[in-house]
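Given next are the chains, with one letter for each unit.
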Amino acid sequence: MGQHFFDYINRHRIEEAKRLFRQSTDAKLTVLEVLYQVGFNSKSSFNTLFRKYTGQTPTDYKNQTKPV
């Protein structure tokens, strides 16, 4: 697939986090709750990878998306 195992896994985790932000009906859903749900244990790692794959912070992404 042309990528390392952890890159592959982390990309899927970030995609799942994006889905959770988009589809959540809970206005109080926090970035911390999402990062734990998708399998991260470190907020700094999650923020770094989220920005790498999306170009924005998780908080910015959460604030710009509206629940479906």
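Scoring rules and cut-offs
- Residues numbered from 1 in each chain as written.
- Predicted model: local features only at pLDDT ≥ 70, side-chain atom pairs only at ≥ 80, totals over all residues.
- Heavy atoms only, no water.
- Helix = DSSP H or I, 4+ residues; strand = E, 2+ residues; numbered from the N terminus.
- Buried < 20%, exposed > 50% of the residue type's maximum accessible area, 1.4 Å probe, protein only.
- Contact = heavy atoms within 4.5 Å.
- Areas by Shrake-Rupley, 256 points an atom, 1.4 Å probe, with all protein chains shown as cover.
- Lys, Arg positive; Asp, Glu negative; His and termini not counted.
- Charge placed at Lys NZ, Arg CZ, Asp CG, Glu CD.
- Polar contact = N/O pair within 3.5 Å; in protein donor to acceptor, adjacent residues only side chain to side chain.

**Student:** Teacher, can you tell me more about the overall build of the protein chain here?
**Tutor:** Across its full length, the protein chain carries four helices and zero strands. Counting from the amino terminus, the protein chain carries its helices and strands in the arrangement α-α-α-α. Of all 68 residues assigned to the protein chain, the portion counted as buried reaches 31%. Contacts in the protein chain between residues at least 24 apart in sequence constitute 55% of all its contacts with a sequence separation of at least 6. For the protein chain, the exposed area adds up to about 4,700 Å²; of that, 51% sits on carbon and sulfur atoms. Side chains of the protein chain carry 11 positive and 6 negative charges; the gap between the two charge centres is 3 Å.

**Student:** Explain the environment of K62 here, please?
**Tutor:** Within the element layout of this structure, K62 appears in helix 4 (residues 58-64). We classify K62 as partly exposed; its relative accessible area is 25%. Apart from residues lying up to four places away in sequence, K62 is in contact with F21, A27 and L29.

**Student:** For this particular structure, what's the right way to read the side chain of T65?
**Tutor:** Within the fold, T65 resides in the segment after helix 4. A polar contact is formed between the side chain of T65 and the backbone oxygen of K62, at a distance of 3.2 Å.

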